[in-house]
Amino acid sequence: MKQSLFEIIENIPLTADVMKMRLKGDTSEITAPGTFVNVKLDGLFLRRPISVCDVEGDVLTIIYKVVGRGTEQMREMQNGTLDVLTGLGNGYDTSKSGASPLLLGGGVGVPPMYMLAKRLIAEGKKVSVILGFNKESEIFCEDDFKALGCDVTVTTVDGSYGVKGFVTDAMKNIDYTYFYTCGPEPMLKAIYKASATSGQFSFEERMGCGFGACMGCSCKTVTGYKRICKDGPVLEKEEILWEN
Amino acid sequence: MGKLSVDLCGIELDNPIIPASGTFGYGYEFAELYDINVLGTFSFKGTTKDPRFGNPTPRIAECYAGMINAVGLQNPGVEKVISEELPKMRKCFNKKVMANVSGFAVEDYAYTCEKLDKCEEVGWLEVNVSCPNVHGGGMSFGTSPEAAAEVTKAVKKVTTKPVIIKLSPNVTDIVSIAKACEEAGADGISLINTMLGMRIDLKTKKPVIANKMGGFSGPAIFPVAVRMVYQVSHAVSIPVVGMGGVSSAEDVIEMMLAGATAVEVGAANLIDPFACRDIIAKLPEVMAKYGIDNLKDIIGVA
């Protein structure tokens, strides 16, 4: 973990409420895909945890959805610096992927899949990706995954683009050796039930510190209590306990 | 350079800064970031007799200049704290540590404190009386002078180390409770614990926190903390450890002027993991600015 200042070099909308921000700074602590950064914003007490979409040299890319005061404030930033804690969380383990892993991202669960796909492709894996959205106007990053060389399927709940339905509807038609996913909890639960192999899930929770000190984001797992921020956000399928 | 050391219940602290319980784990998460031996000491995660998962999530809510938490005393229980956490802590911290204890019955407090009192690395027992008393209709021990005194007496009977009673601000007369603890044998008082608060999400129209209510902390409560530290320290003759929203070296000095012998820093650690290290580094400069040579000299001069 490291605390440092990042310079905002780009902050552009991808859809009506999803923004892409590129930041320049010390990215040395960001090693695994699926980890996150924690951003300090003026006038707000708690930092805002946001998943890492990509790291390229000293440039960090984050993609965030504008959902409240913090992200509304971030949307307005065109330049300046941000106080960022980097290298947080336990990310995806690519060593378990097998030859042809499947990546499933739902909504703002899509961004962490990008760095993961890039890593897996670099390791010589054949990567299939399913990106789930509600409707066509909410889709982002489809072309980015295609450019990496992934086999990309897009699903929309209303059928306005790609396969009509949920990511699990597209999952049935793909052969995969292992899977990785990030998205809203109902989606994760559906994947847990529908999946034919083992896999890794990234969870979301309201956090206090983001680095394991406050126990604000604990969950129960098969192997004991885990902190989403420190022991997660990525958990293995076998250790997940659904509470409701 | 001005002198930073203070004496807390017979043990000298290199400086008065103490990360507060629940914001610093058992220290080793922070030891990855800096040498935590720069601290006066720290108060480790609240320990109970039995292991506790705590409350369901969400446990955290944002507030103006602060936060609400309802973690619910998640901890592995006193046996595991002693067998697993303290050995890990010792690897990164070589000073006496403050053991924070909670309970839901007088016997629980006594049981847990007796065990921790025997640990060599423990310097003080900080007894959190803000928990609900399961035998007292769920009322917090800290809301009545009698119940707080009963806990104090039971703990003092089975321990040898200084016992500091950590008081809740959610009471009508904190002075009477502090006095009752002093009369019951407490060696020190620490305050304030968090203030009971609540946030409601406008989108869901439900409380943000699963437990509905939680403890409000952060800079927003600092003036309340200063006031209560002032009131209590002027009413008792035992040392007072001040806390509540402390975020800077200036806050530390203000808290000491109010009457605190040492100062705990809580929520600030969660948004800036280096907060305590930086406050300690800044203290000499701020002392010089206000003409303070020795921190001991300013305790309670306000």
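Scroll up to find the structure this text is about.
Residues numbered from 1 in each chain as written. Chains lettered and ligands numbered in written order. Predicted model: local features only at pLDDT ≥ 70, side-chain atom pairs only at ≥ 80, totals over all residues. Heavy atoms only, no water.

Visitor: Please clarify how the packing of aromatic side chains should be interpreted in this entry.
Guide: Remark: the centre distance and the inter-plane angle together describe each pair of aromatic rings, the angle taken between the planes. Counted under the stated rule, the structure contains 19 aromatic pairs over all chains. Judged by centre distance (5.6 Å) and plane angle (90°), the ring pair of Tyr 92 of chain A and Tyr 180 of chain A falls under edge-to-face. A residue pair is termed long-range when its members are at least 10 positions apart, and Tyr 92 of chain A in the loop between β7 (81-88) and β8 (102-106) and Tyr 180 of chain A in strand β12 (residues 179-182) qualify at 88 residues. Each member of the pair Tyr 92 of chain A and Tyr 180 of chain A is classed as buried. With a centroid separation of 6.1 Å and an interplanar angle of 55°, the aromatic rings of Tyr 192 of chain A and Phe 201 of chain A are classed as tilted. For Tyr 192 of chain A, a relative accessible area of 26% corresponds to the partly exposed category. Using a relative accessible area of 0% as the deciding quantity, one classes Phe 201 of chain A as buried. Three or more aromatic residues link up through ring pairs in this structure, and these residues are Tyr 176, Phe 179, Tyr 192, Phe 201, Phe 203 and Trp 242 of chain A. Taking NZ or CZ as reference, Lys 49 of chain B lies 5.3 Å from the ring centre of Tyr 111 of chain B, over its face. Just above the ring of Tyr 34 of chain B sits the side chain of Arg 277 of chain B; from NZ or CZ to the centre is 5.9 Å. (Phe/Tyr/Trp six-rings, centres within 6.5 Å; stacked < 30°, edge-to-face > 60°. Helix = DSSP H or I, 4+ residues; strand = E, 2+ residues; numbered from the N terminus. Buried < 20%, exposed > 50% of the residue type's maximum accessible area, 1.4 Å probe, protein only. Lys NZ or Arg CZ within 6 Å of the ring centre and 35° of its normal.)

Visitor: Looking at this structure, I do not really get the sheet that holds strand β7 (residues 122-128) of chain B. What am I missing?
Guide: Hydrogen bonds between backbone atoms are what pair the strands of a sheet, whose relative direction is either parallel or antiparallel. All names here are of chain B. Read across the sheet, 7 strands follow the order β3-β15-β14-β9-β8-β7-β6 without closing on themselves; strand pairing throughout is parallel. Looking at strand neighbours, the two that pair on one side only are β3 (17-19) and β6 (97-101), the edges of this open sheet. Neighbour-to-neighbour, the strand axes of this sheet turn through a mean angle of 30°, independent of strand direction. (Pairing = 2+ DSSP bridges. Axes fitted to C-alpha atoms, helices over the stretch in contact; angles between N-to-C directions.)

Visitor: Got a minute to help me understand unusual backbone geometry in this structure?
Guide: Note: most peptide bonds trans; most residues except glycine with negative phi. Residues and elements named next belong to chain B. Here the residue pair Thr 57 and Pro 58 is connected by a cis peptide bond, since its omega of -5° sits within 30 degrees of zero. Within the secondary structure, Pro 58 is located in the loop between α1 (28-31) and β4 (60-63). Backbone geometry places Cys 9, a non-glycine residue, at a positive phi of 55°. In this structure, Cys 9 sits in the loop between β1 (6-8) and β2 (11-13). Residue classification places Cys 9 among the buried residues on the basis of a relative accessible area of 19%. Here the phi dihedral of Lys 205 falls at roughly 60°; this positive angle occurs in a residue that is not glycine.

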